[in-house]
Amino acid sequence: MTTINLPTILRQHTGGAKKITASGRTVGEVFAAIGSEYPKLGEQLTSPDGGLPIFVNVFLDDEDIRYLDGLDTVVDENADITILPAVAGGR
Amino acid sequence: MTVRLAAGTRQQMLQHAYDCHPEEACGLLAGPVDGDVQRVFPTTNILHSSTNYTIDPKQHLAAIRAADQEGFEIVGVFHSHPHTVGYPSVTDVTLAPDPTWLYVLVGMEEYGSPTVRAFRISDGVITEEELEFEESMT
Ligand SMILES: [Zn+2]
């Protein structure tokens with residue numbers, strides 16, 4: 001099982017839970033497992049093109065998965081996934 | 001509703017705004033959910049722009065972990081407007097990631113007398129919050 005740490009904005013979809021667990025060989029499989037248990041949360045983690053939504057950053061332990069293999073990144077049993085919102089703005 | 005911020009936080013945000021000037025400065029705020037803001041985590045604006053900011057995601061992760069150590073959550077974000085009024089822009093509203101967060105704006109329209117104001121941004125609606133900075137104990 002992989003532990004997934006959620007930011008406050010996504011906890012509304014897990015009944016307030018800050019950490020959830022799910023299984024999968026890759027980040028994409030873990031997200032699919034999350035989606036079957038928490039459909040609303042699953043939607044937030046999927047973009048229409050099947051990739052990662054641009055306003056979401058995903059870390060596998062200390063690494064941004066965009067710089068690894070994205071959703072195909074292989075997840076180690078003991079790894080932690082942290083999801084965080086992109087924080088941006090302008091003048 | 002009045003939002004309280006721990007002693008030193010205002011100075012930390014202003015210092016970061018000056019350090020980054022003329023680029024937009026940004027950082028994260030942490031504390032108990034629905035409680036006072038206890039910590040400021042200055043971060044790098046990876047856009048290095050005077051008109052836009054994006055918080056370095058890796059520093060965001062580090063802030064989450066540091067906050068977690070103390071039982072805190074990330075409860076808001078601050079950024080500066082190096083040349084304009086400290087009020088959320090259309091872009092700020094569009095990109096606001098979380099309606100429960102506090103959005104603190106450092107306005108540097110007048111370089112020597114910056115303003116620090118805070119807002120909630122929910123469904124595109126901006127609500128200003130009153131800020132109360134705690135006195136330093138020392
Ligand atoms: Zn702004």
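Preceding this paragraph is the structure being described.
Scope of this entry: the structure provided in the associated data block. Model, not experiment: these values are computed from the prediction. (Residues numbered from 1 in each chain as written. Chains lettered and ligands numbered in written order. Predicted model: local features only at pLDDT ≥ 70, side-chain atom pairs only at ≥ 80, totals over all residues. Heavy atoms only, no water.)

## Observations regarding the overall build of chain B
Working step 1: Helix and strand content of chain B: three helices and eight strands.
Working step 2: In chain B, the order of α-helices and β-strands from amino to carboxyl end is β-α-β-β-β-α-β-α-β-β-β.
Working step 3: Taking 2.2 N^0.38 as the reference for a compact globule, 138 residues should give roughly 14 Å; the C-alpha atoms of chain B span a radius of gyration of 14 Å, in line with that estimate.
Working step 4: If you line up chain B on its principal axes, its C-alpha atoms span 35 × 30 × 30 Å.
Working step 5: The buried share of chain B, reckoned over its 138 residues, is 47%. (Helix = DSSP H or I, 4+ residues; strand = E, 2+ residues; numbered from the N terminus. Rg over C-alpha atoms; globule rule 2.2 N^0.38 Å. Buried < 20%, exposed > 50% of the residue type's maximum accessible area, 1.4 Å probe, protein only.)

## Quick look at the nonpolar core
All names here are of chain A.
Working step 1: Grouped together as the largest cluster of nonpolar side chains are 22 residues, with contacts concentrated most on Ile4, Phe31, Ile34, Val58, Ile81 and Ile83.
Working step 2: Those elements giving two or more residues to this core turn out to be strand E2 (19-22), helix H1 (27-37), strand E3 (56-60) and strand E5 (80-85).
Working step 3: Looking at which element gives the most residues to this core, the answer is H1, with four residues.
Working step 4: Dropping the residues within four chain positions of it, Ile83 is found in contact with Ile4, Asn5, Leu6, Pro7, Leu10, Phe31, Leu45, Val56, Asn57 and Val58. (Core = buried A, V, L, I, M, F, W, Y, C linked by side-chain atoms within 4.5 Å. Contact = heavy atoms within 4.5 Å.)

## Concerning the sheet that holds E5(A)
Working step 1: With respect to topology, five strands assemble into an open sheet ordered E2-E1-E5-E3-E4 (chain A), the strand pairing being mixed. Single-partner strands in this sheet number two, and they are E2 and strand E4 (63-64) of chain A.
Working step 2: Where E3(A) lies against E5(A), five bridges are found, and the strand directions are antiparallel. Bridging from a neighbouring strand, A:Leu60 pairs with A:Ile81 of E5(A).
Working step 3: Relative to E5(A), helix H2 (residues 57-69) of chain B is tilted by about 110°, and along the sheet it contacts E3, E4 and E5 of chain A. (Pairing = 2+ DSSP bridges. Axes fitted to C-alpha atoms, helices over the stretch in contact; angles between N-to-C directions.)

## Focus: empty space enclosed by the protein
Residue and element names in this part refer to chain B.
Working step 1: For the structure on display, the rule yields one cavity of 30 Å³ or more.
Working step 2: Considered as a void within the structure, the largest cavity measures approximately 40 Å³ in volume.
Working step 3: If you trace the largest cavity, you find it lined by Tyr53, Val77, His79, Pro88, Asp92, Tyr103, Val104, Leu105 and Ile121.
Working step 4: Where the lining of the largest cavity is concerned, the elements lending two or more residues are strand E5 (73-81) and strand E6 (102-107).
Working step 5: Taken together, the residues that form the lining of the largest cavity break down as seven nonpolar, one polar and one charged. (1 Å grid on protein atoms, 1.4 Å probe; cavity = no way out; pocket = protein on both sides within 12 Å on 5 of 7 lines; lining within 4 Å. Points joined across faces, edges and corners; volume = space filled by probe spheres on them. Nonpolar A, V, L, I, M, F, W, Y, C, P; charged D, E, K, R; others polar.)

## Side note on the coordination of the zinc ion
Working step 1: Taken together, A:Gly90 (O), B:His79 (NE2), B:His81 (NE2), B:Asp92 (OD) and B:Asp92 (OD) make up the full set of protein donors to the zinc ion, lying 2.0 to 2.6 Å away. Placement of B:His79 in strand E5 and of B:Asp92 in helix H3 (residues 90-95) is noted, with a sequence separation of 13 residues between them. Like B:His79, the residue B:Asp92 is buried in the burial classification. (Donors = N, O, S within 2.8 Å, 3.2 Å for Na, K, Ca; no water.)

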